[in-house]
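Per-entry structural report
The lines below spell out each chain.
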Protein chains: 2
Amino acid sequence: MRIYFHSQATKPAPWIDALRSALPEAEVAEWSPGAPPADYAVVWHPPQQLLDEQPGLKALFNIGAGVDALMKLNLPAGLRVVRLDDAGMSVQMAEYVCHALIRHVREFDIFEHEAKQGRWGYRRPRARGDYPVGLMGLGVLGARVAQAVRQFEFPVNGWSRTPRPLEGVRCFAGRGQFDDFLSASRVLVCLLPLTPDTEGILDRRSLGRLMPGGYLINVARGAHLVEPDLLALLDEGHLAGATLDVLREEPPPPDHPFLRHPRITLTPHNSARTLREESIAQIAGKIRALGRGEPVAGVVDPVRGY
Amino acid sequence: MRIYFHSQATKPAPWIDALRSALPEAEVAEWSPGAPPADYAVVWHPPQQLLDEQPGLKALFNIGAGVDALMKLNLPAGLRVVRLDDAGMSVQMAEYVCHALIRHVREFDIFEHEAKQGRWGYRRPRARGDYPVGLMGLGVLGARVAQAVRQFEFPVNGWSRTPRPLEGVRCFAGRGQFDDFLSASRVLVCLLPLTPDTEGILDRRSLGRLMPGGYLINVARGAHLVEPDLLALLDEGHLAGATLDVLREEPPPPDHPFLRHPRITLTPHNSARTLREESIAQIAGKIRALGRGEPVAGVVDPVRGY
């Protein structure tokens, strides 16, 4: 069995070593143009050439949860694309979202700023019940975030393409229930996969339907958001602020209006990092399962795009 | 049945109205000097005179979890002092602690600062396992905080006066195990009651035993901390920072060195506010239970002081 690794976002050596340890029976190498046929490839943002030269792959493993970059390539019909599911990412996502949510609702940003001005004093507390949280996307990550947010006793709404009942979550499904979902939420958390259906879904129309003083947390992809629409809604006062882990252009140009914006908190696409150890363990387990002819989780549906 | 209310920290009218609604059979009034004898008093920081004039009280209800201010008064022998247990406070405490913990460990403070300087980029992620959280105090609040912190998969140590087994928490008890508890923790969360035994417990000696790069979160009382010792350990680099909800002097004098300190985050004693509705429901329930001769939770042991 031969496995190729390819990523320009991370150093290949530690991944290749770890794959060799996890699958001692396999020959593991970094992919290079003209390399002989392999059984599996483990990739992040691979070039089209890799796919063209390797028509015999039994599966292509993406070392991330979002496969939108892969979906833009010409994939051979029938190629099994497998994304990471969880692998230590969902708890990081839960941390990120809870931090941003609590910070905004409890106004810890304001208290911190006031202390730096030498002020220490009262503000009328907000009621948690006034901040229903709407989660867009109820897959592995969304379910874990829902669990964490519920634990702090926030009301939670969830929206997904197809109905996904989740304990303690008021669930909405499909475009038909999208507006009801939005108008029942004050804090909106985007965890959707990026597909042609969801590109630009966070626009003036949808964000404008949130309860007044709405707050956006985007931990999915920059292209979900129509960036000028967010600025306009902040200026108009309909939205109170946003915490964004992703941007249309990463890294952003130095004059990007979100940098330095007083009501936008930016992080450099680190809400949930791929953890090598957990990812390799998951991929090795799936390669073994496929070898035994068993089904594996996380196989991408090429029609829906995730 | 007559009940008095007394607090200078909150407007009495809404509390008195709510007590009347919850206990329609009772005569509820604000206490004033010379008032006739009552059965119960609901108080926050009462004057000694109230206690002296009301020797027949069946119970004194404190509208907060910490009774340290009451313990400084001359209490009639045998007076039952009852503190609030939870009443909506523990979830607020869990929010506060998780926000401060995640913010520090994930370095969201640094990313936020960098974005305001126009920078957006990589920092080597930290491993959650390197940040064991030590909780001092494992009562109602401590147990709830432990549950929330565990949910984010941090290792959790707990320390209490007497052994208190808690699921998923490595428990230490008594002064004999205090040093072992400290040296196994990098983030220290103080949730202790303030008593002569715990006053000044956060000093150079104890904070100096934390793992290097330690972080302090104090949500208990300002007098738990020896403030100059914290400054010294921050200057020396043994501690990385602190988030403090309480100070020795509240509000702090305008030149207090913690205000504006780059590695100290201050909030104005609002980690867990007393919620009127929940508190009244709890107190009314306890008054009814006492009337039926049943035991109630939260009765203060005058010897241990909480």
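Quick caveat, the model's predicted, so the values are computed rather than measured.

**Structural notes on the relation of the copies chain A and chain B**
Mapping chain A onto chain B is achieved by rotating through 180 degrees and translating by 0.0 Å along the same axis, at an RMSD of 0.0 Å. Given the turn and translation reported, the copies of this chain are related as if by a two-fold rotation axis. Relative to the rotation axis, the C-alpha of H99 of chain A is the closest in chain A, positioned 2.6 Å from it.

**Quick word on unusual backbone geometry**
With an omega of -10 degrees, the peptide bond between E250 of chain A and P251 of chain A qualifies as cis. Structurally, P251 of chain A is set in the loop between β11 (239–244) and β12 (264–266). Unlike most non-glycine residues, E107 of chain A shows phi in positive territory, near 60 degrees. With a phi close to 70 degrees, E153 of chain B is a non-glycine residue in the positive phi region. Counting through the fold element by element, E153 of chain B comes out in the loop between α6 (140–151) and β7 (156–160).

**Thoughts on the pattern of salt bridges**
When the charged atoms of two side chains with opposite charge come close together, those side chains can pair. For the structure shown, the criterion picks out 36 salt bridges over all chains. In this structure, the salt-bridge partner of D39 of chain A is K58 of chain A, at a minimum N-O distance of 3.1 Å. Note that D39 of chain A is positioned in the loop between β2 (27–30) and β3 (40–44) and K58 of chain A in the loop between α2 (48–53) and β4 (59–62), a separation of 19 residues in sequence. Judged by relative accessible area, which is 43%, K58 of chain A ranks as partly exposed. A salt bridge links E107 of chain A to R126 of chain A; its shortest N-O distance comes to 3.5 Å. One end of the pair, E107 of chain A, is in the loop between α4 (89–105) and α5 (108–116); the other, R126 of chain A, is in the loop between α5 and β6 (133–136), and 19 residues separate them in sequence. For E107 of chain A, a relative accessible area of 7% puts it in the buried group. Several salt bridges share partner residues, and in doing so they unite R103 and E112 of chain A together with R103 and E112 of chain B into one network.

**Points about the domain arrangement of chain A**
All names here are of chain A. When cut into domains, chain A gives domain 1 (2–87 + 274–291) and domain 2 (89–266). The centre of domain 1, based on its C-alpha atoms, is set 32 Å off from the matching centre of domain 2. Listed by partner, the interface residues are eleven residues for domain 1 and seven residues for domain 2. Buried area between domain 1 and domain 2, both sides added, is near 730 Å², and the carbon and sulfur share of it is 54%. Contact with domain 2 buries surface across domain 1, with A65, D68 and D86 losing the most and accounting together for 62% of the total. Here domain 1 and domain 2 share one salt bridge between them. D68 is paired through a salt bridge with R221; the nearest N and O atoms lie 2.8 Å apart. At the boundary of domain 1 and domain 2, one finds five residue pairs in polar contact (both at pLDDT 80 or more). Within the side of domain 1 that touches domain 2, the residues separate by chemical class into five nonpolar, three polar and three charged.

Here is what the cut-offs are and how they apply
Residue positions are given per chain, counting from 1 as you read along its sequence in written order. Naming scheme: in the order in which they are written, chains are lettered from A and ligands are numbered from 1. Reporting of local features is limited, given that this is a predicted model, to residues whose pLDDT is at least 70; pairs of side-chain atoms are given and counted only at 80 or more, and all residues count toward the totals for whole chains, interfaces and linings. Just so you know, side-chain values use all the structure's heavy atoms and leave hydrogens and water out. Alignment of the copies relies on least squares applied to C-alpha atoms, considering only residues that score at least 70 for pLDDT in both. What counts as a helix is a DSSP run of H or I of at least four residues, what counts as a strand is a run of E of at least two, and both are numbered from the N terminus. By definition, a salt bridge exists where a carboxyl oxygen of Asp or Glu is found within 4 Å of a side-chain nitrogen of Lys or Arg. When accessible area is computed with a 1.4 Å probe and restricted to protein chains, residues below 20% of their type maximum are described as buried, those above 50% as exposed, and intermediate ones as partly exposed. Note that the domain bounds reflect an automated or database-derived domain assignment. By the convention used here, residues are in contact when the closest approach between their heavy atoms is within 4.5 Å. Computed with a 1.4 Å rolling probe, the buried area is the accessible surface lost when two parts are put together, summed over both parts. Each polar contact in these results corresponds to two N or O atoms within 3.5 Å; when the atoms are within protein, one needs to be able to donate a hydrogen and the other to accept it, and residues that are neighboring in sequence are counted only if both atoms are side-chain atoms. Only Asp, Glu, Lys and Arg are considered charged, only Ala, Val, Leu, Ile, Met, Phe, Trp, Tyr, Cys and Pro nonpolar, and every remaining residue, Gly among them, polar.

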